[in-house]
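Topology and contacts: notes
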Amino acid sequence: MSAQRLSVVVTRRLPEVVETRMKELFDVELSETDQKMSRDELVQAMQRADVLVPTLTDTIDQGMLSRAGDRLKLIANFGAGIDHLDIQTARQRGILVSNTPGVVTEDTADMTMALLLAVTRRIPEGMAVMQSGRWEGWAPTAFMGARVGGRRLGILGMGRIGQAVARRARAFGMQIHYHNRRRLRPEIENELEATWWESLDQMVSRVDFISVNCPHTPSTFHLMNARRLKLMKPGAVIVNTSRGEVIDENALTRMLRAGEIGGAGLDVFEHGHEINPRLRELPNVVLLPHMGSATVEGRNEMGEKVIINIKTFADGHRPPDLVVPSML
């Protein structure tokens with residue numbers, strides 16, 4: 001398939017440098033408003049495109065793919081997460097799916113540590129006092145947080161991002177524990193000085209911090225449910241920069257309000273941008289608008305991967321970041 005004739009539809013605004021390069025390579029239709037497409041608009045886009053470039057805000061399910069027609073041959077996702085796409089149906093219909101793995105690893109790990117420190121050292125509370133003009137000077141017992149050095153961090157999901165979090169946490173003097181679908185190779189465990197727990201329940205009850213770094217799949221939905229959250233230490237902090245669906249948000253909110261958990265730092269939420277309003281009222285909770293991968297470098301690199309996947313496909317080859325069944 002010739003790249004010059006390849007019709008590409010992009011669902012959201014991308015960095016200018018990425019859009020410009022796409023214009024140079026393909027017959028591309030860019031988003032002018034950056035508004036999330038409706039279901040019907042997504043279906044129409046799939047009907048007129050050889051390649052669709054969606055983002056995590058674009059849920060594409062079986063019913064939509066059944067209406068896509070025969071033209072669509074590649075869904076080149078702008079992002080590493082693929083839980084918003086029905087991969088099995090796409091494969092059955094002969095539609096390839098690619099993503100952008102590895103690009104946001106360092107940025108997301110940075111944000112994980114930022115949230116952990118923000119909650120533990122009460123940074124938002126201090127900022128609020130300064131911005132309101134209510135600060136009356138230093139006091140020995142004011143804004144006392146907790147030290148992270150020497151404490152245990154439990155990492156739920158020890159893939160690229162989990163390991164990057166572990167490296168950062170070690171630099172802060174933290175002890176690394178992890179639960180993963182598969183145990184890491186001994187040399188990686190030794191490098192990270194990480195302790196593996198086959199039982200998530202046992203790990204959760206022993207650590208001082210939990211970092212959620214696993215993808216959202218049917219098996220990880222509400223992995224941190226009410227029962228597991230109750231296993232956490234009363235002063236423990238949970239941080240999530242992965243997918244909101246991994247934590248039962250209502251149960252977490254109830255326990256935070258009851259003082260049964262020390263705090264939470266959340267960059268993702270169970271119902272997208274619809275956040276439990278009671279979370280906003282809590283001083284021991286830091287909420288961010290899904291900023292984990294939001295760096296100029298990261299977004300540009302994601303775009304570059306999308307372009308490479310499309311160009312490789314257009315040249316008649318397998319996209320380098322093709323999503324395969326073993327990833328699901």
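Preceding block: the structure.
Calculation criteria
Residues numbered from 1 in each chain as written. Predicted model: local features only at pLDDT ≥ 70, side-chain atom pairs only at ≥ 80, totals over all residues. Heavy atoms only, no water. Helix = DSSP H or I, 4+ residues; strand = E, 2+ residues; numbered from the N terminus. Rg over C-alpha atoms; globule rule 2.2 N^0.38 Å. Buried < 20%, exposed > 50% of the residue type's maximum accessible area, 1.4 Å probe, protein only. Pairing = 2+ DSSP bridges. Right-handed = clockwise from strand over helix to strand, strands pointing away. 1 Å grid on protein atoms, 1.4 Å probe; cavity = no way out; pocket = protein on both sides within 12 Å on 5 of 7 lines; lining within 4 Å. Points joined across faces, edges and corners; volume = space filled by probe spheres on them. Nonpolar A, V, L, I, M, F, W, Y, C, P; charged D, E, K, R; others polar. Patch = residues over 30% accessible without salt bridge, like charges linked within 9 Å, V, L, I, M, F, W, Y side chains within 5 Å. Areas by Shrake-Rupley, 256 points an atom, 1.4 Å probe, with all protein chains shown as cover. Salt bridge = Lys/Arg side-chain N within 4 Å of Asp/Glu carboxyl O.

1. Some remarks on the overall build of the protein
Assigned secondary structure in the protein consists of twelve helices and twelve strands. By the compact-globule yardstick of 20 Å for 328 residues, the protein fits well, its C-alpha radius of gyration being 22 Å. Considering only C-alpha atoms, the protein reaches an extent of 70 × 50 × 35 Å along its principal axes. Sorting the 328 residues of the protein into buried and exposed places 50% on the buried side.

2. Points about the pairing of strand β9 (residues 209–212)
Of the two faces of β9, both are covered, the one formed by Phe209 and Ser211 as well as the one formed by Ile210 and Val212. Here strand β6 (residues 152–156) pairs with β9 via four bridges, running parallel. Note on β9: the bridge partner recorded for Ile155 is Ser211. In terms of strand pairing, β9 meets strand β10 (residues 237–240) through four bridges, oriented parallel. Of the residues in β10, the one forming a bridge with Phe209 is Val237. The β-α-β motif built from β9, the intervening helix α10 (residues 226–231) and the parallel element β10 has right-handed crossover chirality.

3. Considerations on empty space enclosed by the protein
A complete count under the given rule lists one cavity of 30 Å³ or more for this structure. Here the largest cavity is characterised by a volume of approximately 40 Å³. Forming the walls of the largest cavity are Asn240, Gly244, Ile247, Glu249, Leu252, Leu266, Val268, Phe269 and Glu270. Of the residues contributing to the lining of the largest cavity, the split by class is five nonpolar, two polar and two charged.

4. So, unusual backbone geometry
Despite not being glycine, Phe143 shows a phi value in the positive range, around 55°. A residue is classified by how much of its surface remains accessible, and Phe143, at 34% relative accessible area, is partly exposed. Located in the positive-phi region is Glu193, a residue other than glycine, with phi close to 50°. Mapped onto the elements, Glu193 comes out in the loop between α8 (186–192) and β8 (194–196).

5. Regarding a nonpolar patch on the surface
A cluster of nonpolar residues, Met130, Trp135, Trp138 and Phe143, forms a patch on the protein surface that exposes about 520 Å² of accessible area. Along the chain, Trp135 turns up in the loop between α6 (123–132) and β6.

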